[in-house]
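These are the residues of each chain, in order.
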Amino acid sequence: VTASNYYCGSPLRHIARYRYHYRTELAYGINIEKDPGEPVAKSGFYPYDYISGYFLLRPRKKPWAIALGDYDLRGGRGLLFGRQLFAQRAITGNIFRAEAVDFRAHTGMDENNYFRGAAASYRLGSWSGLAFVSYKGVDGRLNEAGDTVLSQTTTGLHRTFNEIDARHSHHAFTAGAQVGWSTKQMGLFATAYTVHFDTYVNPPLK
C-alpha cells in the first residue's frame, strides 16, 4: 500500500441534488457528490467531497440580475470565460457584434470550471454592466516546503492520500467587471479581470 494506490473510501458513487426554478426568473439548489474511492465524513470531507450551492435571481421586466454561490460565466465568445469554441459562434452568428459576459447557475458536477462568490449585472438602454467576485479552493501539488504550487489538477478526484493532500491546497481569488454598449447590429465591450493565488505558483519548465 502506497500513498498513490490506496483508495481511502468505498467504491460506490453517491450523488444528491435538490433543484428549484421558476421560469427563468428564480433558481436555487444544492449538489452533493462522492466519487468512487473517496471517503465519507472523515479526512476533511464533511460529509462528502463536493458540495455546491447556488441562488440566481433574474426578475422579469427588471434591468438587473444577481447570482450567489456557485455560478458559470460565458463571454468573449468563449475566449475570456467559458468553454465555447470561437469557430462555432463565428459561423452561426454576426462576427461584428460583440457579446456581453453573462452568468448562470452552476448546476452540474464539474468541480473545477466554475466561480464561487457573487455576480451582478445591470442594463440601461443600450448600455450594460457586470461585476463578479470569486474565491475558491484549487487542487494542486506542493513542494516539500509547502510554499510553492508545482502543478494544478482538475480531475476532482480525491481518493488516495496524495490526491487528498492536493485537495484545495491553495485558493484563487478572481474579480472582474465589464461595461458595454450594443445594438442588434453591433456592440462594443471592455472587460477586465484579475486572478490571485494565495500560494506561489511555479510549475517546472517543460
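Residues numbered from 1 in each chain as written. Predicted model: local features only at pLDDT ≥ 70, side-chain atom pairs only at ≥ 80, totals over all residues. Heavy atoms only, no water.

### Some details on the overall build of the protein chain
Quick reminder of the rule: Helix and strand definitions here come from DSSP, where helices need a minimum of 4 consecutive H or I residues and strands a minimum of 2 consecutive E residues; each element is numbered from the N-terminal end. When accessible area is computed with a 1.4 Å probe and restricted to protein chains, residues below 20% of their type maximum are described as buried, those above 50% as exposed, and intermediate ones as partly exposed. Contact definition: two residues touch when any of their heavy atoms are within 4.5 Å.
Broken down by element type, the protein chain carries two helices and twelve strands. Reading the protein chain from its N terminus to its C terminus gives the helix and strand order β-β-β-β-α-β-β-β-β-β-α-β-β-β. The 206 residues of the protein chain split such that 34% are buried. Once local pairs closer than 6 in sequence are excluded, the contacts in the protein chain between residues at least 24 apart make up 64%.

### Examining the nonpolar core
Worth spelling out the cut-off: As used in this record, nonpolar core signifies buried Ala, Val, Leu, Ile, Met, Phe, Trp, Tyr and Cys residues forming a set joined through side-chain atoms within 4.5 Å.
Core analysis: the biggest nonpolar cluster contains 14 residues, and Leu56, Ala67, Tyr71, Leu73, Phe103, Ala119 and Phe132 have the highest contact counts within it. Those elements that provide at least two residues to this core are strand E3 (50–57), strand E4 (64–74), strand E5 (102–105), strand E6 (115–124) and strand E7 (127–138). The element contributing the most residues to this core is E4, with four residues.

### Side note on the pairing of strand E10 (residues 170–182)
Threshold: In this description, strands pair whenever DSSP reports at least two bridges between them.
The alternating pattern of E10 places His170, Ala172, Thr174, Gly176, Gln178, Gly180 and Ser182 on a buried face, while none of His171, Phe173, Ala175, Ala177, Val179 and Trp181, on the opposite face, is buried. Note: E7 against E10, twelve bridges, orientation antiparallel. Bridge assignment links alanine 131 to a residue of E10, and that residue is alanine 177. Relative to strand E11 (residues 187–197), E10 is paired through eleven bridges, and the arrangement is antiparallel. Paired with valine 179 across the two strands is alanine 190, which belongs to E11. What sits between the antiparallel neighbours E10 and E11 is a turn of four residues.

### Brief notes about a nonpolar patch on the surface
Using the following cut-off: Every patch collects residues that have over 30% relative accessible area and no salt bridge, joining them within 9 Å if they carry like charges and within 5 Å if they are nonpolar side chains (Val, Leu, Ile, Met, Phe, Trp, Tyr). A 1.4 Å probe and the Shrake-Rupley method give the accessible areas. Residues count as covered only by the protein chains that appear here. When a carboxyl oxygen of Asp or Glu is within 4 Å of a side-chain nitrogen of Lys or Arg, the pair counts as a salt bridge.
A surface patch of nonpolar side chains, about 440 Å² in accessible area, is lined by Tyr18, Tyr20, Tyr22, Ile30 and Ile51. The element that contributes the greatest number of residues to the nonpolar patch is strand E1 (residues 14–22), accounting for three residues. Note on placement: tyrosine 20 falls in strand E1. For tyrosine 20, a relative accessible area of 33% translates into the label partly exposed.

### A word on the environment of phenylalanine 115
Here phenylalanine 115 lies in strand E6. Residue phenylalanine 115 is classed as buried on the basis of its relative accessible area, which comes to 15%. It is 6.1 Å that separates the C-alpha atoms of phenylalanine 115 and aspartate 72, two residues lying 43 residues apart in sequence.

### Observations concerning the sheet that holds strand E8 (residues 140–142)
With mixed pairing, the three strands of this open sheet are ordered in space as E8-E9-E12. At either end of the open sheet lies a strand with only one pairing partner, and these are E8 and strand E12 (200–201). Judged from the three bridges that link them, E8 and strand E9 (residues 148–152) form a sheet pairing that is antiparallel. Pairing of leucine 142 across the sheet is with valine 149, part of E9.

### Let's talk about the packing of aromatic side chains
The geometry of an aromatic ring pair is captured by the separation of the ring centres together with the interplanar angle, meaning the angle of the planes. Our working rule: Stacked, edge-to-face and tilted are the three classes for Phe, Tyr and Trp ring pairs, Trp counted by its six-membered ring, which pair at centre distances within 6.5 Å; planes under 30 degrees apart are stacked, over 60 edge-to-face, the rest tilted.
Taken as a whole and judged by the stated rule, the model has six aromatic pairs. A ring pair is formed by tyrosine 6 and phenylalanine 161, whose centres lie 5.9 Å apart and whose planes are at 15°; its orientation type is stacked. You can see tyrosine 6 sitting in the segment before E1 and its partner phenylalanine 161 sitting in helix H2 (residues 161–166), a full 155 residues away along the chain. Tyrosine 6 gets classed as partly exposed once you look at its relative accessible area, which sits at 39%. The class of phenylalanine 161 is partly exposed, set by a relative accessible area of 40%.

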